[in-house]
Amino acid sequence: MLLAYLLARAGLPVTLAERHQDFDRDFRGDSLHPWTLELLDRLGLAERLLEQPHVKARQFRLRTPKGLITTSDYGLLDTPYDYVALMPQAWFLDFLAAEAEALPSFELRTGAAVNGLLGSDPVRGVTLRSGEEIDAELVVAADGRYSRIRALAGAKAESQGATTDLLWFALPRHDDDPPDADVDLYFGTRHYVGTLGGPGRWQVGLSLPKGGYPALRDAGVDYVRREVAERVPWLADRVDLLTDMNETTLLSVDISRVPVWHRPGLLMLGDAAHVISPVGGNGILMACQDALAAANHLVPALRAGTPGSEALAAVQADRESAIVTVQAQQVRVEQTAARARERGKPVAPPGFLRLLTRIPAVRKRSARRNGYGPEPVHPSPELERALDLRPTPVHA
């Protein structure tokens, strides 16, 4: 959606095919990081987006059996957006869609499920389930971790070694809930629980071993309620609102990536190219940075004609190192959790982290790395001119 907006704003014709009729779905990722908000600010969109209800998370905390660890403090960053904005992803998509539809060269096609590719070397468009064909100079696959287009192209994502799954559900938010629990992990034996705040609700994730859902399902909803109430006592007064396992969603955690993200006439981005674990909430950030990196190369290439392999390879070259870094960190977290479960010990971060994160500079560095990614993407001078971007907000 973001890439389609950027291309259309640069005056390029773009059609976005969405298989569903709308974006009214319960996405897991709801976090907009400082980098994302700064980009939206430069596009002149941030102020209007943030008129929608949202929660400002200024710290990321780990709550362990031995005490509280604040790993990242976004409030220490020198930027107008010194927080992570939490709002339902569907609202963000609806907002971007409305902004894009105001551009004359953008077309949104809903209920448009892709079931085939036109051509193979190069790809020259797609066919829809309806039988309609859409010709294109370039097809961008941004259709998620179970990418249909990736499968049609014969590409495969290689697993990097996820060991955890997550059981997700929502509970109502109360006015007297802790004001600082919006991005927290609560550690304990066998499981950890994540809370993600939002307008009017909490998203709650209970960790379980990879492939452990059948055993959890057999244990039943009472077991889930007890585990959450034990880890997060202030939610104990409402866990009974979870009455059935059918009210939960199993998120099979994946950390994987495709070795080559492109074919002639085809580019894969976001989870279609590299699946990010929900740990750290980096998914939207990585996807938005993919979009900007792609726009940097595709705007001049499309203006000149059909993007060649050099332009498509340049997008992967710009982004792959950051993705490898993020995924490697997530794999280390996964392996640490797996070892703790095997030993029957609390799933918790190392003790030295408590001492290290008492240093404000460490919390600021962690916030900067999480809020901007390991290799922040910047608009190219040509894209800045094409989009008439505002100056960059001051940040550190």
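Conventions and cut-offs
- Residues numbered from 1 in each chain as written.
- Predicted model: local features only at pLDDT ≥ 70, side-chain atom pairs only at ≥ 80, totals over all residues.
- Heavy atoms only, no water.
- Helix = DSSP H or I, 4+ residues; strand = E, 2+ residues; numbered from the N terminus.
- Polar contact = N/O pair within 3.5 Å; in protein donor to acceptor, adjacent residues only side chain to side chain.
- Contact = heavy atoms within 4.5 Å.
- Patch = residues over 30% accessible without salt bridge, like charges linked within 9 Å, V, L, I, M, F, W, Y side chains within 5 Å.
- Areas by Shrake-Rupley, 256 points an atom, 1.4 Å probe, with all protein chains shown as cover.
- Salt bridge = Lys/Arg side-chain N within 4 Å of Asp/Glu carboxyl O.
- Lys, Arg positive; Asp, Glu negative; His and termini not counted.
- Charge placed at Lys NZ, Arg CZ, Asp CG, Glu CD.
- Expected span 1.5 Å × (residues − 1).
- Bend = angle between axes of the 7 residues up to and from the residue.
- Buried < 20%, exposed > 50% of the residue type's maximum accessible area, 1.4 Å probe, protein only.
- Pairing = 2+ DSSP bridges.
- Phe/Tyr/Trp six-rings, centres within 6.5 Å; stacked < 30°, edge-to-face > 60°.
- Lys NZ or Arg CZ within 6 Å of the ring centre and 35° of its normal.

Draft legend 1. Examining the side chain of Arg231 more closely. Along the chain, the position of Arg231 falls in helix α7 (residues 221-231). Reaching out from Arg231, the side chain makes a polar contact with the side chain of Glu230 at a distance of 3.0 Å. Not counting the four nearest positions on each side in its chain, Arg231 is found in contact with Tyr186, Phe187, Gly188, Thr189, Arg190, His191 and Val193.

Draft legend 2. Here's a closer look at a positive patch on the surface. Together, Arg332, Arg365, Arg368 and Arg369 make up a positively charged patch on the protein surface. The greatest single-element share of the positive patch, amounting to three residues, is contributed by helix α11 (residues 360-372). Considering the arrangement of structural elements, one finds Arg332 in helix α9 (residues 309-343).

Draft legend 3. Representation of the side chain of His191. As for its position among the elements, His191 is in the loop between β14 (183-187) and β15 (192-198). Within polar-contact distance, the side chain of His191 engages the backbone oxygen of Ser207 at 2.6 Å.

Draft legend 4. Focus on α9. Its 35 residues give α9 an end-to-end C-alpha distance of 49 Å, which sits within 8% of 51 Å, the value for a rise of 1.5 Å per residue. Maximal helix bending in α9 amounts to about 40 degrees, located at Arg319.

Draft legend 5. Representation of the pairing of β15. Of all seven residues in β15, seven are buried, a share of seventy percent or more. Residues Tyr192, Gly194, Leu196 and Gly198 line one face of β15 and the alternating positions Val193, Thr195 and Gly197 line the opposite face, and both faces are buried. Bridge count between β14 and β15: five bridges; the pairing is antiparallel. When the bridges of β15 are listed, Leu185 appears paired with Gly194. Joining the antiparallel neighbours β14 and β15 is a turn of four residues, in which Arg190 adopts a positive phi near 75 degrees. As defined by bridge partners, β15 adjoins strand β16 (residues 201-209) across six bridges and the pair is classed as antiparallel. Following the sheet pairing, Gly194 is matched in β16 by Gly205. Between β15 and β16, which follow one another and run antiparallel, lie two residues, and Gly200 among them has a positive phi close to 80 degrees.

Draft legend 6. Representation of the environment of Asp143 within the structure. Locating Asp143 in the fold gives a position in the loop between β11 (139-141) and α5 (148-152). Residue classification places Asp143 among the partly exposed residues on the basis of a relative accessible area of 32%. Spatially, the C-alpha atoms of Asp143 and Met268 are 8.7 Å apart, while their sequence positions differ by 125 residues. Apart from residues no more than four positions distant in its own chain, Asp143 is found in contact with Arg148, Ile149 and Ala272. A distance of 2.6 Å separates the side chain of Asp143 from the side chain of Ser147, its partner in a polar contact. At 3.0 Å, the side chain of Asp143 forms a polar contact with the backbone nitrogen of Arg148.

Draft legend 7. Layout of a nonpolar patch on the surface. A cluster of nonpolar side chains, namely Phe352, Leu356 and Ile359, defines an oily patch on the protein surface of about 290 Å² accessible area. Assignment of secondary structure puts Ile359 in the loop between α10 (352-356) and α11. Judged by relative accessible area, Ile359 falls into the partly exposed class, the value being 41%.

Draft legend 8. Structural view of the packing of aromatic side chains. Following the criterion strictly, the structure yields three aromatic pairs and no others. Judged by centre distance (6.4 Å) and plane angle (70 degrees), the rings of Tyr81 and Tyr83 are edge-to-face. An identical accessibility class is assigned to Tyr81 and Tyr83; each is buried. With a centroid separation of 5.6 Å and 45 degrees between ring planes, the pair formed by Phe187 and Tyr192 is classed as tilted. For the residue pair Phe187 and Tyr192, the accessibility class agrees, reading buried in each case. Stacked on the ring of Trp202, the Lys or Arg Arg173 has its end atom at 4.3 Å from the ring centre.

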